[in-house]
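For reference, the chains in residue letters:
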Amino acid sequence: MSPRPETSLAQRKRQLVADELTEAALQLLASKGFEAVTVDEIVTSAGVSKRTFFRYFASKEDVVVQFLADMGTGIHAELTSRPLDERPSVALQHAVWVSMAVCGDESDRALPVVQLILRTPALLARLLERQAQWREDLAAELARRLGLDAGTDLYPRMAAGMALTAFDTVLRHWSASEGAEDPAALMDRAFEVIAPALDAVPPPRS
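Residues numbered from 1 in each chain as written. Predicted model: local features only at pLDDT ≥ 70, side-chain atom pairs only at ≥ 80, totals over all residues. Heavy atoms only, no water.

Draft legend 1. Looking closely at the pattern of salt bridges. All told, the structure shown has 13 salt bridges when counted by the stated rule. A salt bridge links glutamate 61 to arginine 126; the nearest nitrogen and oxygen atoms lie 2.6 Å apart. Of this pair, glutamate 61 sits in helix α4 (residues 60–81) while arginine 126 sits in helix α7 (residues 121–146), and the two are 65 residues apart along the sequence. Note that arginine 172 is salt-bridged to aspartate 168, the shortest N-O span being 2.8 Å. One end of the pair, arginine 172, and the other, aspartate 168, are both in helix α8 (residues 155–176), four residues apart, so they sit about a helical turn from each other. Note on aspartate 168: relative accessible area 13%, which makes it buried. Here the residues in one salt-bridge network are Glu61, Arg126 and Glu129, joined through shared partners. (Salt bridge = Lys/Arg side-chain N within 4 Å of Asp/Glu carboxyl O. Helix = DSSP H or I, 4+ residues; strand = E, 2+ residues; numbered from the N terminus. Buried < 20%, exposed > 50% of the residue type's maximum accessible area, 1.4 Å probe, protein only.)

Draft legend 2. Here's a closer look at helix α9 (residues 183–198). The principal kink in α9, of about 40 degrees, is found at glutamate 192, preceding the proline proline 196 by one to four residues. Three or more residues of α9 are buried, namely Pro183, Leu186, Met187, Ala190, Phe191, Ile194, Ala195 and Leu198. Those residues of α9 that are buried are in contact with α5 (88–105) and α8. At the N-terminal boundary of α9, the capping side chain belongs to aspartate 182, with an oxygen 3.1 Å from the backbone nitrogen of alanine 184. (Bend = angle between axes of the 7 residues up to and from the residue. Contact = heavy atoms within 4.5 Å. Polar contact = N/O pair within 3.5 Å; in protein donor to acceptor, adjacent residues only side chain to side chain.)

Draft legend 3. Focus on unusual backbone geometry. For glutamate 178, which is not glycine, the phi torsion reads 60 degrees and is therefore positive. With respect to the helices and strands, the residue glutamate 178 is situated in the loop between α8 and α9.

Draft legend 4. Quick peek at the environment of leucine 146. Positionally, leucine 146 belongs in helix α7. Distance in space between the C-alpha atoms of leucine 146 and proline 204 is 7.6 Å, their sequence separation being 58 residues.

Draft legend 5. Layout of the nonpolar core. The biggest cluster of nonpolar side chains holds 59 residues, and the ones touching the most others in it are Phe53, Leu92, Val96 and Phe191. Counting residues per element, this core draws most heavily on α8, which supplies ten residues. If we skip the residues at most four places from it in the chain, phenylalanine 53 touches Leu21, Val39, Ile42, Val43, Ser59, Lys60 and Val63. (Core = buried A, V, L, I, M, F, W, Y, C linked by side-chain atoms within 4.5 Å.)

Below, the structure written as structure tokens:
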């Protein structure tokens with residue numbers, strides 16, 4: 001019998017445990033504050049052993065870092081999936097919206113986590129660090145889609161930077177409003193401002 005189904009089942013179980021740990025940790029950190037929560041409290045809340053926790057994460061900060069990494073992966077994957085003939089402003093708005101949509105769909109769950117990240121200096125620093133990597137990934141994908149050179153053309157990094165600035169601005173505005181603002185409407189407003197620049201794509205260099 002092929003071992004592939006067993007491997008798939010093991011991977012699903014591993015992902016399920018990781019998701020449960022992440023959910024428990026993020027909600028606990030958001031409700032009590034980053035410094036106040038211990039790994040012991042996280043594993044008790046998740047119903048797993050401390051050994052299991054450290055099999056997945058090196059520290060409680062790493063839980064949030066992985067959450068941020070997943071956000072970036074989602075943004076990049078969405079941009080990659082957009083039609084090649086779509087205007088850059090539309091493709092980029094769809095891409096960054098992937099990570100903001102949860103704010104509208106699951107506001108009660110997402111708001112405390114977003115506020116935790118924005119209000120905790122160490123976590124905010126990790127968000128900014130991650131965004132720098134997101135920008136490089138988005139720039140490379142934009143260059144591929146548009147036939148530009150990410151290393152020499154200005155447009156890819158500038159466009160990626162503008163899209164992520166819109167994402168960051170909307171995230172902060174939504175957080176400051178205590179979730180009262182509609183994140184979708186905020187994103188529309190943000191991209192109305194930057195769309196003309198995003199769609200002014202220079203021709204590829206010969």
